[in-house]
Number of protein chains: 4
Amino acid sequence: MLGEFSVRTDLALEAKESFEEDDVEIRGVQIEESADEEKEIYTTIVRIVTENGAKAMGKPVGNYITLEAPNMSAEDEDYHREISAVLAGHLRKLMGEEEQTVLVVGLGNREVTPDALGPSVVGNLKITRHIVREYGKASLEGVKKLVSAIVPGVMAQTGMETLEIIKGVVEETKPQIVIVIDALAARSTKRLNRTIQITDTGINPGSGVGNHRNGINQEVLGVPVIAIGVPTVVDAATIVNDSVEQAAETKEKSQSIREKISPHLNTMFVTPKDIDETIKRVSFTISEGLNMALS
Amino acid sequence: MLGEFSVRTDLALEAKESFEEDDVEIRGVQIEESADEEKEIYTTIVRIVTENGAKAMGKPVGNYITLEAPNMSAEDEDYHREISAVLAGHLRKLMGEEEQTVLVVGLGNREVTPDALGPSVVGNLKITRHIVREYGKASLEGVKKLVSAIVPGVMAQTGMETLEIIKGVVEETKPQIVIVIDALAARSTKRLNRTIQITDTGINPGSGVGNHRNGINQEVLGVPVIAIGVPTVVDAATIVNDSVEQAAETKEKSQSIREKISPHLNTMFVTPKDIDETIKRVSFTISEGLNMALS
Amino acid sequence: MLGEFSVRTDLALEAKESFEEDDVEIRGVQIEESADEEKEIYTTIVRIVTENGAKAMGKPVGNYITLEAPNMSAEDEDYHREISAVLAGHLRKLMGEEEQTVLVVGLGNREVTPDALGPSVVGNLKITRHIVREYGKASLEGVKKLVSAIVPGVMAQTGMETLEIIKGVVEETKPQIVIVIDALAARSTKRLNRTIQITDTGINPGSGVGNHRNGINQEVLGVPVIAIGVPTVVDAATIVNDSVEQAAETKEKSQSIREKISPHLNTMFVTPKDIDETIKRVSFTISEGLNMALS
Amino acid sequence: MLGEFSVRTDLALEAKESFEEDDVEIRGVQIEESADEEKEIYTTIVRIVTENGAKAMGKPVGNYITLEAPNMSAEDEDYHREISAVLAGHLRKLMGEEEQTVLVVGLGNREVTPDALGPSVVGNLKITRHIVREYGKASLEGVKKLVSAIVPGVMAQTGMETLEIIKGVVEETKPQIVIVIDALAARSTKRLNRTIQITDTGINPGSGVGNHRNGINQEVLGVPVIAIGVPTVVDAATIVNDSVEQAAETKEKSQSIREKISPHLNTMFVTPKDIDETIKRVSFTISEGLNMALS
């Protein structure tokens, strides 16, 4: 959901990289990398295991899985099926085995193309909760989870915080687990539309340490929350600040130019011109992964 | 919302007419008719004041206002502005004067044209709740009500009953009044897209007497519920049954033919070929009426 | 495209059946039926080979292939893939082997759900003409045809006849073959959304004999025209007339009732309440068939 | 239409400003400014009258009218009506009095929000050509022009150049004038969504001098072409290059950083987060202006 949270939820991988530059090992953080060279899918698992690690990373304790698939925005059905299968595998592990009811939440604004990822994913999901409630389990052969879904919209459309809507629906329908899908902002354009982040910490704006009361997470909703995010934009201010930093001779000059430019940019984002095709493909890949994991 | 409720919510006016044929006055029901011949807007107010009247009409105690505007699906901005103004006047009376927070619910399926009325109306509303909460009342000069809105979708999309979603959101955000917008089924094609029904009884499937626990009404939500409906379809079974009745010599024959035909038709509806233009125009007229009444 | 042509293009299969009732063999018409019981796909090929046959059938000389797939509107990916493959096979035979440029035309109104079939199919096509023109044939490994596509819209949106737009685009871009996709009207609700008709005669309103100058066909466009159609609606007048006919004792009574009812209905159609899901699934099945046949 | 032309069509006003910085008067270019302070609408008319002026400005000979309306993306119906009226006035002057047939072309991609301006404008137009052809002039009281419209889509969707489609439709339907609506790229974010440019030179990619054969203009289409454009994006490369230029001490450093950064950015654009609301409002304002001018 672009722009509703004061500080954007973003990629754990990018937080990790800023440490790597300094070649530091962080206590309380475990990192596990693996590559399927043939399939061209690269996986990084960042496990933040202590509050100390959380402080260092600026993100809550939990698991952060990042799939990098360089050709994810290209048109290749077999490749996309592979990514869906890998995604489904991780989701199954994070969810646990026992029979569950799942609420999938498609965050974002369906009217703004790069922010329409969540609503698009929900549009391709197999929804089963109502069928099973009406006709019984036998009606859906092999269904493992009862799936419900909602597209809450954004504050300008509803006048409500997204969290208010989700809390209300969770309290009323009592799912055992919530999965939120969201478009993210990356720091670099190189990562756009080729990365999927899966985490069991939900969505946590701000520093990620201490108060999580405004997040979409277990603390607030009372049930586990898995978040699936794909970076589809870069904040315009970020992209300009980074290039100014490279260009300016001194920190002072960089600072003064950024102050002059940034105010115009912090309500803007950068996204590729063919974002419509990308959102269509990536959202289909994620919904297929969810359908595999949930049924 | 077409087809979710077992028996369709429909027009009080049509219930009334079936009595008029027999020229009966019903106790506990008051009827008030007025016509603005020049503007071509005809208003019928049916007030059901006793449980007896409710039983006779098959609808709960309350007020049912019907606006008939023969040219409502035509392209005439001035005419539509008149209808919006008349609608706004009735809404103001039903809501009362004191400062209020209002949740508008756009029922129906945005993917099925004649059922997209509710979602379309919400798309043109002035949403103010979040602005006032953030910047204070002064930020919106002359705003009378704080407006929030939701498009809950239909069961096939969400796996949840619409009522579950609305209840959750109402409990979480505590509006003082709820307004639901819905596409209705009429008994006759002659009434399609030229009638607006406004009632303070909410939406009540079934007989309208006794148990109202499955409705979208004050009994269930705990706050007053105003429903605005426009008939956009006729159930296919209705239209066929009516013509068979006219054609068949005997009740038995009529009955036997209806039994043969109806099963194929009760999941189908009849709607005009230019329903896209009609929904666009009528939903704009209703959202303008709401915007007038709420701000 | 619902309602633009004075008499609806419709199913050759239904024309055939009206003869079968009388158990007549028609000269100049060959019929070939086959069933894949396991896959539940039934194929009927009607070949009209003489002008005499054309007159009898009320359709131009040519091939009419009808696939009947009872579960086509159900959610079963494997089944849909089978239908796509069968469709692709027929298309390949109708098109011929040599390298070709193909213009696909998605007829209908994307704003009216049952009429959105054509636009939806085009939305899932692999478009290749511009890539090959820019980067050469080598850029698209294994591409057989250069595919372009257009969604011309309907007259109320464009002010132009669909044929005018198609003629202009064909004359300017010179495709070697045109494929039009259209939503059709069936005579019976039983056939809705489970039948695909493929013909090499294009689209020919009216009796199908004599003057074809208003059709979308080879005579008018100068290149072969294949039409793919799926019945998604029944005209409301048809459904009512049929039931009245069954109910009325005498032809006179039937006639008089039909005259009374029909005028209100000839601008209306009947369609299932879940038409959104059906159009999504069926259009995907057809676009996959096209993608298989064209690349 | 974002990104299809090699060099973006853009604002004559910005070309003018780059001269003003140097306080130069350009021969063959006349500039006329006026302000309606009360209504807050500022008008600049740039008339390029000689080939010399065209060379200096990098744009063809013709009239360029720019309306600046600082609050154009805000929600204020009366203000928008004023802008529509001013736009209609300029259009009437550019078109001439005699009875005309007009083809309106909504350029751009309806699936990418900031590029959906053209398609959105067409969606709100009063289309009259087909009505007048069918029922005669008398059927539309007071109609001045016969209006047809098309949304050609973008090359990735059609496989055809937009110009091919427009040429075909113009040759087939013979309008006397063409009006194209397009989303533009500005050089500065300050100008986004508050500027409307109207020109009688059509759309001319590249330097604007010499060869106009790839443009959408009178030379190519054979009839006058009016273009209405609103800047809705800034190219990402532009925004970064400008800030790097400000920050770098030397031209060499600036050059080297730009070379490093730009390749990633020339397929990206910058746009505001609330672009959905802006497009909705601005497209309505333009279609109202067109409706006023054409009927």
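The numbers attached to residues start from 1 for each chain and follow its sequence in the written order. All chains are assigned letters beginning at A, and all ligands numbers beginning at 1, according to the order in which they are written. Restriction of local features to residues with pLDDT of at least 70 applies here, the model being predicted, together with a cutoff of 80 or more for giving and counting side-chain atom pairs; totals for whole chains, interfaces and linings are based on all residues. Hydrogens and water are ignored here; the side-chain numbers use all heavy atoms of the structure.

Participant: An account of the interface of chain B and chain A is requested, with residue identities and associated values reported.
Facilitator: Contacts between the two partners involve 26 residues from chain B and, on the opposite side, 26 residues from chain A. Carbon and sulfur atoms make up 53% of the area that chain B and chain A hide from each other, which totals about 2100 Å². By convention, the term buried area covers the 1.4 Å-probe accessible surface removed from two parts as they join, with the contributions of both added. Summed over the three residues of chain B that lose the most area to chain A, namely Met160, Glu164 and Glu172 of chain B, the buried surface amounts to 26% of that side. Across the salt bridge formed by Lys167 of chain A and Glu172 of chain B, the nearest N and O atoms sit 3.6 Å from each other. Polar contacts here mean pairs of N or O atoms no more than 3.5 Å apart (in protein, one a potential hydrogen donor and the other a potential acceptor; neighbouring residues in sequence count only if both atoms are side-chain atoms). At the surface where chain B touches chain A, the tally comes to eight residue pairs in polar contact (both at pLDDT 80 or more). Taken together, the elements giving at least two residues each to the side of chain B that touches chain A come down to helix 5 (129-135), strand 5 (145-150), helix 6 (155-158) and helix 7 (162-173) of chain B. Where helices and strands are cited, they refer to DSSP runs of H or I of at least four residues and of E of at least two residues respectively, numbered from the N terminus. Here the side of chain B that touches chain A gets eight residues from one element, more than from any other, and that element is helix 7 of chain B. Split by residue class, the side of chain B that touches chain A holds ten nonpolar, seven polar and nine charged. Whether two residues touch is decided by their heavy atoms; if any such pair falls within 4.5 Å, the residues are in contact. Basic side-chain nitrogens of Lys or Arg form a salt bridge, by our definition, when they fall within 4 Å of a carboxyl oxygen of Asp or Glu. In this classification, Asp, Glu, Lys and Arg are treated as charged, Ala, Val, Leu, Ile, Met, Phe, Trp, Tyr, Cys and Pro as nonpolar, and every other residue, Gly included, as polar.

Participant: A description of the interface of chain A and chain D should follow, citing residues and the corresponding values.
Facilitator: Counting from both sides, the interface comprises 38 residues of chain A and, opposite them, 38 residues of chain D. Taken together, both faces of the contact between chain A and chain D bury some 3100 Å²; the carbon and sulfur share is 62%. Viewed at the interface, chain D and chain A are joined by two salt bridges. In this structure, Asp235 of chain A engages Lys273 of chain D in a salt bridge whose closest nitrogen and oxygen atoms are separated by 3.3 Å. Applying the counting criterion to the chain A and chain D interface returns eleven residue pairs in polar contact (both at pLDDT 80 or more). Of all elements in the fold, only helix 6 (155-158), helix 9 (236-247), helix 10 (251-265), strand 9 (268-272) and helix 11 (275-294) of chain A reach the threshold of two or more residues within the side of chain A that touches chain D. Ranked by residue count, the leading element in the side of chain A that touches chain D is helix 9 of chain A, at seven residues.

Participant: Give a detailed account of the relation of the copies chain A and chain D, specifying residues and quantitative values.
Facilitator: We superpose the copies by least squares over the C-alpha atoms of residues that have a pLDDT of at least 70 in both of them. For the pair chain A and chain D, the superposition axis carries a translation of 0.0 Å, the fit reaches an RMSD of 0.0 Å, and the rotation angle comes to 180 degrees. Here the symmetry operator amounts to a two-fold rotation axis. Across chain A, the rotation axis passes nearest the C-alpha of Val270 of chain A, at a separation of 2.2 Å.

By themselves, these observations are geometric and do not establish any function.
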